[in-house]
Amino acid sequence: MKSRWLLWACCTLIPAILAAQDLQEFEKKITEFDLPNGLHFIVLRRPQAPVVSMVTQVNVGSANDPAGKTGLAHMLEHMAFKGTDSLGTNNWLAEKKWLSDVESTYDKLEIEKNKGPRGSAEAMKKLEGELKAAIEKANGYVVKEAYSKIVSQNGGVGMNASTSNEVTTYFYSLPSNRIELWFLLTSQVFRQPIMREFYKERDVVREERRRSFESNPQGKMQDVLLTTAFLAHPQRTLIGWASDIENLRARDAEALFKTYYVPSNMVMVLAGDVDPAEMKRLAQVYFGGIPAGPAPPRIITEEPKQEGERRTAVEAQAQPFVYIGYKRPEAGHADAAPLSVLAGAMSGRAGILYKELVEEKKVSLVTFAADSFIGGKFQGLFTFIVVPAAGKTGDDNEKALNLIIERMKKEKVDQAILDRVKTQVRAGLVRALDSNMGMAQRLASNYILYGDWRRMFTRIQEVDKVTADDVLRVAKTYLIDNNKTAVYLKTPGEKKDGDKEAAK
Amino acid sequence: MILSILLSVATAIATAQTAAPKKSVKDLKFKPLGEIKIPEISSFTLPNGMRVHLLENHELPLVRGNATIRVGNVFDPADKTGLADVFDQSLRLGGTKDKTGDQINQLLENIAASVESGVGETSGSLSFNTLREHSDVVLGIFHDLLVAPEFRQDKIDVVKTQLRSAIARRNDNASGITSREFSSLLYGPTTPWGRDMEYETLERVSRDDLIAYHKRFYFPSNVILSISGDFVSSTLHAKLEKMFADWTVKQNPAPAFPPVTHKAKPGIHLAEKPDVTQAFFRLGHMGGLLSDKDYPALEVMNDILGGNGFSSRLMQKVRSDMGLAYNVSSSWGVGFHHPGLFSITGGTKSSSIVDALKAVYGEVERIRTNEVTDEELQIAKDSTLNSFVFNFASPAQTLGRLITYEYNGYPKDFLFQYQKAVAAVTKADVLRVAKQYLKPEEFVVVVTGNSKDFGTQLTALNQPVAKIDLTIPEPKRAAAKMDAGSMAKGKQLLAELQKAVGGADKLAAVQDYSHTADVSLTSGQGGMKVTQITQVIPPAIRFEQVLPFGRVIIFSDGKGSGWLKTPQGEMPMPAQVAKQAAEELFRVQPWLWLSDRDPNRTVNATGARTVEISDKSNNWIKLTLAENGLLEKVNFKGGDGSVEAEAVYSDWKDVNGLKLPHGAKLSQGGKPAADISVKEYRINSGLKMEELGKK
């Protein structure tokens, strides 16, 4: 027994030493450089297989959408797959003429609409007809999905993109001998995006909203959690309001591009079997000609101080569900590490949420705690999700969860729990190293969020320094009513506790 | 130093030479692809008969392993469907002889390791993942869970609670409903491939079943073990041999998986989900086997139709041309030994569902009628062949594939055969397989959505439209003994009751019924007072409750329509409220007491003075008669179906020649819930349907 304890002690020490070594070892595989226009490149050399993953991250998200134009950053993301002036068209000059005709006709239509009750219905109808005709004309020159076909034909896999509240990410993988294809296509798209089929794609985005938010109980809840917790900060709308999306304009997307897609506001990461010197050369050749631009404007609006708990409900034909978010500071804040340890201490099968709510009290089917529900650039939400077990209500769950939260605010977590969380954070990084795409994504997001990819390693040292006192302090500081927003999913007609029996 | 200067000069020259970017993709010339490294795998069979494959990979300090077990949930007995689900979770959570599941959780999470168990349709697995320095500890737990899991009862209870919740939640999500109902219709809702776990089948699974299941399927020669990562093969080989030396149990080989035999009837099936703005659809029919001679051509065909993302026809037509969908795709479904399902899946705004489906049918017809273009064929083939290298992106993938082929009895080089066959596919092949294998006239179509918002109803597709019943069957109670004698006794008891309350003829003459009651809830139930008005003209029923915060009214016409009105607003009747209304109707007293005249109800004595009335919809109530022939009490299904409710009657008074109870004490699950006092009954007061339906 004694020897076993010794073994344990040395085992928990080893990874701590490894972490520092890991960074040094890892740095050898990384090549990092800026082009004169400010575009930053990170190349991770990983020659295990002749493949490479590419991630482009742009420091713009739905939080940067202009008022009345929510969903614009996301819409622009969709346009990046529409091709270039030489790919995706059979006559660019003619197409360009009609695209500009579409915009000028749309302008006229909006002028008429802006007149309100004095606008002419007849004129609007005529303009709508002309707009439709111009769109059809422009579409006549489109070579469908030429961009994705060429990528796919070259063995590209997993091509997609995502827009969060704070960042837009484009990614796919290629056989490594074809990497120049990525340079060519990406440089053309990011030099001059083309608003090809914009208004058809707008319908697609509208469908995406229907699918992911309007027709999905959890999507509805996430939407409501954000808009309830954040009243002022523009990160509150993730995909945009339906009516805004339905009225987005190509011209606005171009303006957003000009402002935010400047080289110094982007990072490009290549991870896989590529030669860094060759990558540097290709980067200069293909991206060197993109003009530099000024840093885009920062977000001014700060969320005003919350006064009192917020609580709301979403109706859906589904079983109950509870989301609870507590406001917390951005990822760069000194309390970020203790908050992630707090979330780690509560999570997992050995965590207090699972043990108490799922196993002992059997009130929950699933429990979940995350130190941040959305990114990390802005103030975020320390989030609990509890899924009530059959026959249990959201109230039952929230009450049981509150008991745990109160305990976290009174009692220090023990050393074993701290050690567990720290080990898990370290192991998480080791496991992430196993995938080109996973690493490329981490390198990109750490660079955008913190200005340095090394943060993914140094963060481990910050987590290592967290004490039980720190965890207690952040629990007391942030898990309070004035930071809290609770969202319940309720079935239509579901009554509150108490009146259930009256229905008999 | 000199060397590096030379190198940088060389780079500068190279840069100067190629400073202009290439303009077009056509200008690009690619070097041949670097060598694909096929990792070396050490394979052997342990003396106990267990197959082992080891793959050393020292890139990261990790060790991962997986035991593949020949088992599958298609072996679940029909009356215990869900057995495999209870089994796989309980295996992990139930712990081993010397460690409880909680201790294992703690131990593994402390070292950031995991051991997980799963049983799918036709294979089972127990896997682990650990940092190298903890591999002995984790391998030990893995071994103990594989060889001798303890299945502690308290954890089986947790698992069953969880699975009950999963059943309750299975209709929450429209896309989940669509895919589940689609497979169930095609594989057959009562076959091992298509049936769902229900409360009742789950309830029957016991710890003994789990132990027997483990004994039957978890034995050395039924297991393939594979481990990859940072270890030395020879050392690990020796370690495994020692570790598994005592595990020598023998069993007959696992039986063959049951064949797929169901023939589905074509047609459209609609699952109503009133709270969604998008209609989800999936349509198709049986697919084929991976070993089919035409499989490579079918994959190429499917890529062109809808399998290859943005490049495919369905995506181009329905998403980018028509803007009707965010996602639409097709899959030529295959299995190793049983047919998969060919399916086309997508979602569109409710109003355009018929347009989207018509466009999908149009694309299916097109690929069956005309040859694809050279360009389409080229893109589809190039996509597969050029991305082939991603099958070897990590050594673990190669190992995983080896196991899958070995488990299913496929040749080791199957993937390379497939690659060769794809390269040989012609346009004529694509047309031939599309014609031969895609049969739109056999399509089973499942649509989940809010049909009230469909621009055009599904009947416009000229096919029969059936509604899918999403009702989740409640657990049947253990049936009481029932024979001719007990049923005769039941009728006799009911006749005694009928006589005591005023006679069967009096009861039969009731046309309409209403009562107004004061209900005072016990403090445990909220402690408030509620007025309740119930009005019935069978099969229509209306309840109105006057609550402190306003009125709640439910109206059901008994034919499937109705509404619910609350202080927050009005809405069409939700499914669970409709069910509640049907249950209430079943229990309305004058008609309940005449149940022997209703051919849909069964009347059966279950005690000396107790008669049980039930129907095919799983409604039931037990009446217990007092000495005087009136009711002493009734017992019935409680609010959420999980606990029994009881009403003890008192204060019988005459109303229009019928004796009716004016007082009742209600309890639920043995706890007092409410006192009910009826202020007024009205029988045959000339109640009108309009009054019932008044908002």
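Residues numbered from 1 in each chain as written. Chains lettered and ligands numbered in written order. Predicted model: local features only at pLDDT ≥ 70, side-chain atom pairs only at ≥ 80, totals over all residues. Heavy atoms only, no water.

### Structural notes on the interface of chain B and chain A
On the chain A side, the residues contacting the 107 residues of chain B number 95 residues. Summing both sides of the interface, chain B and chain A together bury roughly 9000 Å²; the carbon and sulfur share of this comes to 56%. Our enumeration of links across chain B and chain A arrives at 8 salt bridges. Put simply, chain B and chain A have 42 residue pairs in polar contact (both at pLDDT 80 or more) between them. The dominant element in the side of chain B that touches chain A, judged by the number of residues it contributes, is helix 5 (residues 153–168) of chain B, at 9 residues. A class-by-class count of the residues in the side of chain B that touches chain A yields 45 nonpolar, 37 polar and 25 charged. (Contact = heavy atoms within 4.5 Å. Buried area = accessible area lost by both parts, 1.4 Å probe. Salt bridge = Lys/Arg side-chain N within 4 Å of Asp/Glu carboxyl O. Polar contact = N/O pair within 3.5 Å; in protein donor to acceptor, adjacent residues only side chain to side chain. Helix = DSSP H or I, 4+ residues; strand = E, 2+ residues; numbered from the N terminus. Nonpolar A, V, L, I, M, F, W, Y, C, P; charged D, E, K, R; others polar.)

### Topic: the domain arrangement of chain A
All names here are of chain A. We note that the domain assignment places domain 1 (31–89 + 142–287) and domain 2 (310–491) within chain A. Here the C-alpha centroids of domain 1 and domain 2 sit 28 Å apart. Counting residues at the interface gives 38 residues for domain 1 and 41 residues for domain 2. For the pairing of domain 1 and domain 2, the buried interface totals around 3400 Å² over both sides, and the portion due to carbon and sulfur atoms is 69%. For the pair domain 1 and domain 2, the number of links is 2 salt bridges. A salt bridge links Asp434 to Arg46, with the shortest nitrogen-to-oxygen separation between them at 3.7 Å. The tally of links from domain 1 across to domain 2 stands at 14 residue pairs in polar contact (both at pLDDT 80 or more). For the side of domain 1 that touches domain 2, the elements supplying multiple residues, two or more each, are strand 2 (40–45), strand 3 (51–58), strand 5 (168–175), helix 8 (217–229) and strand 6 (266–272). Per-element accounting of the side of domain 1 that touches domain 2 gives the leading share, 10 residues, to helix 8. Taken together, the residues of the side of domain 1 that touches domain 2 break down into 20 nonpolar, 14 polar and 4 charged. (Domains from an automatic or database assignment.)

### Some words on the packing of helix 10 (residues 295–307) of chain B against helix 12 (residues 353–369) of chain B
All names here are of chain B. It is at 11 Å that the axes of helix 10 and helix 12 come closest, and there the two elements cross at 145°. Of the two possible hands of crossing, helix 10 and helix 12 adopt the one that is right-handed. Facing Met301, Ile304 and Leu305 of helix 10, the residues of helix 12 in contact are Glu363, Val364 and Ile367. When grouped by side-chain class, the residues that make up the contact of helix 10 with helix 12 number 5 nonpolar, no polar and 1 charged. (Axes fitted to C-alpha atoms, helices over the stretch in contact; angles between N-to-C directions. Left-handed = near helix turned anticlockwise from the far one by under 90°.)

### A look at the confidence of the model for chain A
Residues and elements named next belong to chain A. The predicted model of chain A averages 90 in pLDDT, with 93% of residues at 70 or higher. In the model, residues 1–18 has pLDDT below 50 throughout and makes 9 contacts with residues more than four positions away in sequence or in other chains. Across residues 496–504 the pLDDT falls below 50, and counting only partners more than four positions away or on other chains, this stretch makes 28 contacts in the model. (pLDDT = per-residue confidence, 0-100.)

### What about the confidence of the model for chain B?
Residues and elements named next belong to chain B. Overall, the predicted model of chain B reaches an average pLDDT of 90, with 95% of residues at or above 70. Highest mean pLDDT in chain B belongs to helix 16 (residues 427–437) (98); lowest belongs to helix 1 (residues 2–17) (43). Across residues 1–17, where pLDDT falls below 50, the model places 3 contacts with residues more than four positions away in sequence or in other chains.

### Section: the sheet that holds strand 8 (residues 278–286) of chain B
Residues and elements named next belong to chain B. Spatially, the 6 strands line up as an open sheet ordered 10-12-8-13-7-14, and their pairing is mixed. Sheet topology places strand 10 (325–331) and strand 14 (465–467) at the edges, where each strand pairs with a single neighbour. Across this sheet, the average inter-strand angle for adjacent strands is 20°, counted without regard to direction. When strand 8 meets strand 13 (residues 444–449), the two strands line up antiparallel, connected through 5 bridges. Residue pairing for strand 13: Gly284 is matched across the bridge by Val444. Together, strand 10 and strand 12 (341–349) form the strand contacts of helix 11 (residues 313–321), whose direction differs from that of strand 10 by roughly 160°. Relative to the sheet, helix 12 contacts strand 8, strand 12 and strand 13, its axis offset from that of strand 8 by approximately 30°. (Pairing = 2+ DSSP bridges.)

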